[in-house]
Structures are given as C-alpha cells and as structure tokens.
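The residues making up each chain are set out below.
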Amino acid sequence: MLSIVMPVEIDGKKIEIEKPLKVQELLKKLSLNSEGHLVVVDGRLVTEDEIVSNAESVKIIRVVSGG
Amino acid sequence: MKCKLCNDKAVIKLKAHNLSLCASHLLAFVERRVKNSIEKYGLFKKDDSLLVAVSGGKDSLSLWQILKKMGYKADGLYIHLGIDGYSDLSLDKALSFAKKLEGRLWVVFLKEIMNLGILDLARTLRRTYCSACGAIKRYIMNRISIEKGYTVLATGHNLDDEASSLLGNLLYWKEDYLRRKSIVLKSEEGHLVKKVKPFFLVSEREIAAYAVISQIDYIYEECPHSRGAKTLLYKEILNMIEEDSPGTKLNFLKGFLKRSGKVGEEKRDEKPVKYCISCNYPASGEKCFFCSLLERVNPSGSIVYREYSFLR
Ligand code: SF4
Ligand SMILES: [Zn+2]
Ligand SMILES: [Zn+2]
C-alpha cells in the first residue's frame, strides 16, 4: 500500500506520521502511554483499534496534568 | 470496536472496567460513577448548597457541569492568582463556561486583596510557589464558603491525582499526610466547610473523554509554575502499571481508603486548634497565616468577591 504523510498535532506542535496506521501504533510510535492520551480524528474520539487512513486532522490530547 | 451497551461505534475502551463505550454511554458512565460516589460515600445531599472550585481545567469544569446536570445547587469559584500568561486565559475559560452552563461564578483576584500576585506572596511567605498557592487557595475557598453560606466545597481531584499523591506520600512515608488523606473532610461550624472530591474514582482519561465529548472548552496549558515534575512522574509510572494491569490505580486507592478506614469517616487533624481572632480560621498564633500575610503586605486590604451570575 502506498503510504502518505499526515500531520499529527500534539501539545500544539505538528509532526508528520506515515499513514495508514492504527491509533495504537501511532501512540506506540511516539512512545505515548494509552492511559495518558486520547486520540481525536477529524474531531471524533477514536478507539485504539481504529485505522487512520483518510483523516484530515489527527490530534493527540494529553490527559495527564501536573497541577 | 462497538459500544458494549448499544452496539454503536465505540469511542473509547475502558480496560479497567472491561468496557468499550460510545460517546453518549461514556457520558452516562462518568455521571453514574459520580452519582454512586456521592451516595455510597455520603459526600453530600440534595439540599446541600455546593461551591465548586473552578480552575478552567477539564476536571473542575466537567465536575461543575455534572453536578448542575444532576440538579444540585452548585456555584463556581475561580481564584485569579495573577500568574502572567495563565491566569487571564484560565479565567476566560471559566467565565465562558459559567455562561454556557447558566451558572453563578464567584471570582476573587488575589492582586486585589494583597496588591501582589502569587509569586511575590510565595517569596514573602518563604514557601515554594505551589505550597503558598495551595494554602492561599484553600483559605479563600473556605472563607467564601463560610461567608456565602455554602455547605460543601467540591474540588475536581480525580483518581490519578489521588493515586499519585498516595504513591508519593507512601514512598517517603509521610505519615502525617497519610493519616489525613481522605475524600471527605468534615466541617467545623463557623470555621471550616466540608470538603469533598466527587471524582476520586474517575480516572483522568475518563474525565478528559467526558470533556472532549461534551465539547467543554477547557484550558489545556499547565500553570507555568506547576510543581509538575514529581506529580507527573508518579502519574506516568502509575499509568505504565495501569497499561499492563488495568484497574491497578482504582485498587490502589480503594485499598488504601478501606484499610485506613477513611471512607465516609470525617476526620480533620486531631490536635487541638486555635482560631484566628480576626477570621476564625485555624491558626497557630493569634492570627492565621492569611490575616498575618495581609497585615504585612496590604494592611488596608480585604477580600473582594466578584459575582458573575448567568443564572436564569
Ligand atoms: S501549579 Fe502551583 S503555582 Fe500553579 S496554580 Fe497550581 S499550585 Fe498554584
Ligand atoms: Zn452506547
Ligand atoms: Zn485569619
């Protein structure tokens, strides 16, 4: 399959990741713990088994706060 | 992945509960957990008048929304600490949310009372930012509750906050903290308001999902002076364990509360306390730390409560 680069937003920064891939793999690639992060694809919260392929926007939300 | 309850597309999997849920069932799940905690641990009753400590973050805004939705009389309190680039933005979030919720928000500007922001006050007190900030916030939250007649003060502390602070206190055997650690602190007529943490069994991830699904516009940035490092480290370690063995955080905290007999039991410090001659707050000398501080930095100052009411 032809893979294309997609922008992923995390903590206000944009990085580039090759798609398609599973949400789970995306987190793993970035060494992010799934208990500490949520992934929003095109404005929708998604589970880790979801495959990100045609997404316009991917945003990773850090849920852990240090307060 | 499908929602275990309705077969719609799931938006989240909660491994600790072996549940995958759609958006609306995740909302219902979090609300039910809060309801159960309130009832099971006797946090408060229908006729209580609640004040929610609102920071503009996901936890406090979600908590406020849930309590209002459940029909409680719940107002908010926002304390503006005078931290550049953070306080104004978080106040903005808190105010817009109060409007959306049609609630009443009390706002206290620290600089208006003391002429100084939290950083200068911490230096004056010779304490770290977070320790001074915590003490001042607790004082103001308590004082407004007593003065405005709120019977319960609710904070947004979640499972991760509680489990990570438990871990930190255990690692260094801070027995004083461990003895006091509780989810309900009882009131002392005229001195201290009852304090509760309705989110103590809801994880940070569950609350964040709640906020995202509810489209709550919360402040994502951290306070630039966050004690962060240690708390974040403990939270991260717990989340690594959680990923490997789902449910560990819940067991850890519940196990502690059960063993220490703290659930529902309402205990403050045991030692006899004196009370401040000018405000009735517990004090070690004649005056409490807050009144002494005020005397030092702004003798003519007093607390001003600004009311923003969007009640209908
Ligand atoms: S991180 Fe520290 S200084 Fe900042 S608001 Fe929290 S307690 Fe206050
Ligand atoms: Zn469902
Ligand atoms: Zn006092």
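Worth saying up front: this structure is predicted, and the values here are computed from it rather than measured. (Residues numbered from 1 in each chain as written. Chains lettered and ligands numbered in written order. Predicted model: local features only at pLDDT ≥ 70, side-chain atom pairs only at ≥ 80, totals over all residues. Heavy atoms only, no water.)

Per the secondary structure count, chain B includes 12 helices and 11 strands. Taking 312 residues into account, the globule formula puts the C-alpha radius of gyration at 20 Å, and chain B, at 20 Å, falls close to it. Dimensions along the principal axes, computed over C-alpha positions, put chain B at roughly 65 × 45 × 40 Å. Out of the 312 residues belonging to chain B, those deemed buried represent 52%. For chain B, contacts bridging at least 24 residues in sequence account for 71% of all contacts bridging at least 6. On chain B, roughly 14900 Å² of surface is accessible, and the fraction owed to carbon and sulfur atoms is 50%. Averaged over its 52 positive side-chain charges, chain B has a centre that lies 3 Å from the centre of its 37 negative ones. (Helix = DSSP H or I, 4+ residues; strand = E, 2+ residues; numbered from the N terminus. Rg over C-alpha atoms; globule rule 2.2 N^0.38 Å. Buried < 20%, exposed > 50% of the residue type's maximum accessible area, 1.4 Å probe, protein only. Contact = heavy atoms within 4.5 Å. Areas by Shrake-Rupley, 256 points an atom, 1.4 Å probe, with all protein chains shown as cover. Lys, Arg positive; Asp, Glu negative; His and termini not counted. Charge placed at Lys NZ, Arg CZ, Asp CG, Glu CD.)

All names here are of chain B. Following the criterion strictly, the structure yields 8 aromatic pairs over all chains and no others. On the basis of an interplanar angle of 75° and a centroid distance of 4.8 Å, the ring pair of tyrosine 139 and tyrosine 281 is categorised as edge-to-face. With a gap of 142 residues between them, tyrosine 139 in helix α6 (residues 129-148) and tyrosine 281 in the loop between β9 (274-275) and β10 (282-283) connect regions that are remote in the sequence. For tyrosine 281, a relative accessible area of 14% gives the class buried. Every member of this aromatic cluster is reached through a ring pair, and the members are Tyr139, Tyr281, Phe289 and Phe290. The residue whose ring lies beneath lysine 46 is tyrosine 72, and the NZ or CZ to ring-centre distance is 4.1 Å. Positioned over the ring face of tyrosine 177 is arginine 180, at 5.4 Å from the centre of the ring. (Phe/Tyr/Trp six-rings, centres within 6.5 Å; stacked < 30°, edge-to-face > 60°. Lys NZ or Arg CZ within 6 Å of the ring centre and 35° of its normal.)

Residues and elements named next belong to chain B. The coordination sphere of the zinc ion (ligand 3), as far as protein atoms go, consists of Cys276 (SG), Cys279 (SG), Cys288 (SG) and Cys291 (SG), spread over 2.3 Å. Given 4 donor atoms and angles of 106 to 117° at the metal, the environment of the zinc ion (ligand 3) is assigned as tetrahedral. Read in sequence order, the donor residues coordinating the zinc ion (ligand 3) give the pattern C-x2-C-x8-C-x2-C. In this structure, cysteine 276 and cysteine 279 share a single accessibility class: buried. (Donors = N, O, S within 2.8 Å, 3.2 Å for Na, K, Ca; no water. Tetrahedral: all angles 85-135°; square planar, octahedral: opposite > 155°, others 65-115°.)

All names here are of chain B. The coordination sphere of the zinc ion (ligand 2), as far as protein atoms go, consists of Cys3 (SG), Cys6 (SG), Cys22 (SG) and His25 (ND1), spread over 2.0 to 2.3 Å. Along the chain, the residues donating to the zinc ion (ligand 2) are arranged with the sequence spacing C-x2-C-x15-C-x2-H. Placement of cysteine 3 in the segment before β1 (12-14) and of cysteine 22 in the loop between β2 (19-21) and α1 (23-40) is noted, with a sequence separation of 19 residues between them. Take cysteine 22: its relative accessible area is 3%, and that puts it in the buried class.

Turning our eyes to something else, we now look at the side chain of B:Asp160. All names here are of chain B. Looking at the element boundaries, aspartate 160 is found in helix α7 (residues 159-171). One polar contact links the side chain of aspartate 160 to the main-chain amide nitrogen of glutamate 204, over a distance of 2.8 Å. For aspartate 160, the contacting residues outside a window of four places in its chain are Ser203, Glu204, Lys235, Asn239 and Lys249. (Polar contact = N/O pair within 3.5 Å; in protein donor to acceptor, adjacent residues only side chain to side chain.)

With that settled, the discussion passes to unusual backbone geometry. Backbone torsion omega between A:Lys19 and A:Pro20 reads 0°, so that peptide bond is classified as cis. If you trace the backbone, A:Pro20 turns up in the loop between β2 (13-19) and β3 (21-22). In this structure, B:Asn7 takes a positive phi of about 75° despite not being glycine. In this structure, B:Asn7 sits in the segment before β1. Overall, the relative accessible area of 54% leaves B:Asn7 in the exposed class. One non-glycine residue, B:Trp173, lies in the positive phi region at around 45°. Relative to the elements of secondary structure, B:Trp173 occurs in the loop between α7 and α8 (175-180). For B:Trp173, a relative accessible area of 59% gives the class exposed.

Facing the 23 residues of chain A at the interface are 29 residues of chain B. For the pair chain A and chain B, the two sides together bury roughly 2200 Å², of which 50% comes from carbon and sulfur. Counting every contact that joins chain A to chain B gives 5 salt bridges. At the boundary of chain A and chain B, one finds 12 residue pairs in polar contact (both at pLDDT 80 or more). Of the residues that constitute the side of chain A that touches chain B, the class distribution is 8 nonpolar, 8 polar and 7 charged. (Buried area = accessible area lost by both parts, 1.4 Å probe. Salt bridge = Lys/Arg side-chain N within 4 Å of Asp/Glu carboxyl O. Nonpolar A, V, L, I, M, F, W, Y, C, P; charged D, E, K, R; others polar.)

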